[in-house]
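Structure assessment
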Amino acid sequence: MTESELTELTEPTGRAGPGAAPGSVAPVGACHRAAPRTHTRTAVPEVRPVRRRAPDGPGAVDPPGVRAAGRRARCVDAAVRAYVARHPEATVVALGEGLGTGYWRLDNGRLHWLSVLSPETAAVRRMLLPDGARRRTVVRPAHGFGWLDAVGEPSRGVIVTAPGLLMRQAPGEVRALLAACAERLPGGALVFDALPRRAAAVARRYPALSAGPLPGAVRWSLDRGQLAALAAVHPAIASVRELPPPGGRLALPGAVGGYGQRFPVLRAWTPVVCEVRFAR
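This is a predicted model, so every value here is computed, not measured. (Residues numbered from 1 in each chain as written. Predicted model: local features only at pLDDT ≥ 70, side-chain atom pairs only at ≥ 80, totals over all residues. Heavy atoms only, no water.)

Notes on the overall build of the protein
For the protein, the helix and strand inventory stands at six helices and nine strands. Here the protein holds 280 residues, and 45% of them are scored as buried. Taking the contacts inside the protein whose residues are at least 6 apart along the sequence as the reference set, 69% of them involve residues at least 24 apart. In the form shown here, the protein has an accessible surface area of approximately 14,000 Å², with 58% of it arising from carbon and sulfur atoms. (Helix = DSSP H or I, 4+ residues; strand = E, 2+ residues; numbered from the N terminus. Buried < 20%, exposed > 50% of the residue type's maximum accessible area, 1.4 Å probe, protein only. Contact = heavy atoms within 4.5 Å. Areas by Shrake-Rupley, 256 points an atom, 1.4 Å probe, with all protein chains shown as cover.)

Laid out in structure tokens, this is it:
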């Protein structure tokens, strides 16, 4: 139904009862409640994030890809939060976020948010998460550049997030996207994740282990030693750096992540989250 494998859902708090006005929404699980409410709501229901329930059973754990994706999501959130602290009225462009709730996690009361989605996913998002005064859903292919025209005032700052997206594009498409952002978003930033070459080869052979949230084959990989070469894609790229993982741990399953700094060889297998900054 969406472009991403969601690790958290969104649930409207409103409920349609007897005599409810058209457009009222009943929350998930309403049929299990003992007694219906007697009042109705006609306004758009408030939306709140709902945490995904942990697996049941003794010793039950999430799949490694789910845990790793959650860590990288927190890493991307931290990068956006830091950028917005420097540019309070910036525009956050979330490429292919599906039903992501980043706006509610990161809103400072002044930023603007663009969700770039395919037509099918955009229709679902607008139904469940209607656009607001500072939050819009833009129907554009996430792998193209048309969404750049929807950025209203780039002079106030723009940060683009693309978790799980670039790794599923061809190398030429990744370079073209970086060049387009460098030319159109002076002073902006792009945050994305990628798999090193060895991990990408495993992900191609065993897609279930791929930690990116979007479906599709892994087509582009990035080793940590290639960051300098990535900065040479366009003269307006000021810097490319790896973002530190949340809690200082690498995105490896279980206790293995805690040994990443002591055993650098493990870094050849762990996803890298990068921030590209563009010069003014």
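Remarks on the side chain of arginine 72
For arginine 72, the position within the fold is in helix 1 (residues 64-86). The class of arginine 72 is buried, set by a relative accessible area of 7%. A polar contact of 3.0 Å, which involves the side chain of arginine 72, links it to the side chain of aspartate 193. (Polar contact = N/O pair within 3.5 Å; in protein donor to acceptor, adjacent residues only side chain to side chain.)

Considerations on the confidence of the model for the protein
With 65% of its residues at a pLDDT of 70 or more, the protein shows a mean pLDDT of 76. Across the protein, element-level confidence peaks in strand 6 (residues 158-162) with a mean pLDDT of 97 and bottoms out in strand 1 (residues 8-12) with 39. Across residues 4-47 the pLDDT falls below 50, and counting only partners more than four positions away or on other chains, this stretch makes 66 contacts in the model. (pLDDT = per-residue confidence, 0-100.)

Describing the nonpolar core
In summary, soluble globular proteins display a tendency toward joint burial of nonpolar side chains. Counting 35 residues, the largest nonpolar core has Val93, Trp147, Leu166, Leu190, Phe192 and Leu222 as its most contacted members. Sorting the residues of this core by element identifies strand 3 (91-95), strand 4 (112-117), strand 6, helix 4 (171-184), strand 7 (189-194), helix 6 (227-231), strand 8 (237-242) and strand 9 (272-278) as the ones contributing at least two each. With six residues, the single largest contributor to this core is helix 4. Excluding residues that lie within four positions of it along the chain, phenylalanine 192 makes contacts with Ala162, Leu166, Trp220, Leu222, Leu230, Val272, Val273, Cys274 and Val276. (Core = buried A, V, L, I, M, F, W, Y, C linked by side-chain atoms within 4.5 Å.)

Notes on the sheet that holds strand 7
Neighbouring strands of a sheet are bound in pairs by backbone hydrogen bonds; such pairs are parallel or else antiparallel. Read across the sheet, seven strands follow the order 5-4-3-6-7-9-8 without closing on themselves; strand pairing throughout is mixed. A single partner strand is all that each edge strand has here, and the edge strands are strand 5 (135-139) and strand 8. Averaged over all pairs of adjacent strands, the angle between their axes in this sheet comes to 20 degrees, without regard to strand direction. Examined bridge by bridge, strand 3 and strand 4 share five bridges and lie parallel to one another. When the sheet's bridge partners are listed, valine 93 is paired in strand 4 with leucine 114. Along the sheet, helix 3 (residues 119-128) contacts strand 4 and strand 5; its crossing angle with strand 5, the most-contacted strand, is approximately 155 degrees. On top of the sheet, helix 4 reaches strand 7, strand 8 and strand 9; it is set at about 35 degrees to strand 9, its chief contact. (Pairing = 2+ DSSP bridges. Axes fitted to C-alpha atoms, helices over the stretch in contact; angles between N-to-C directions.)

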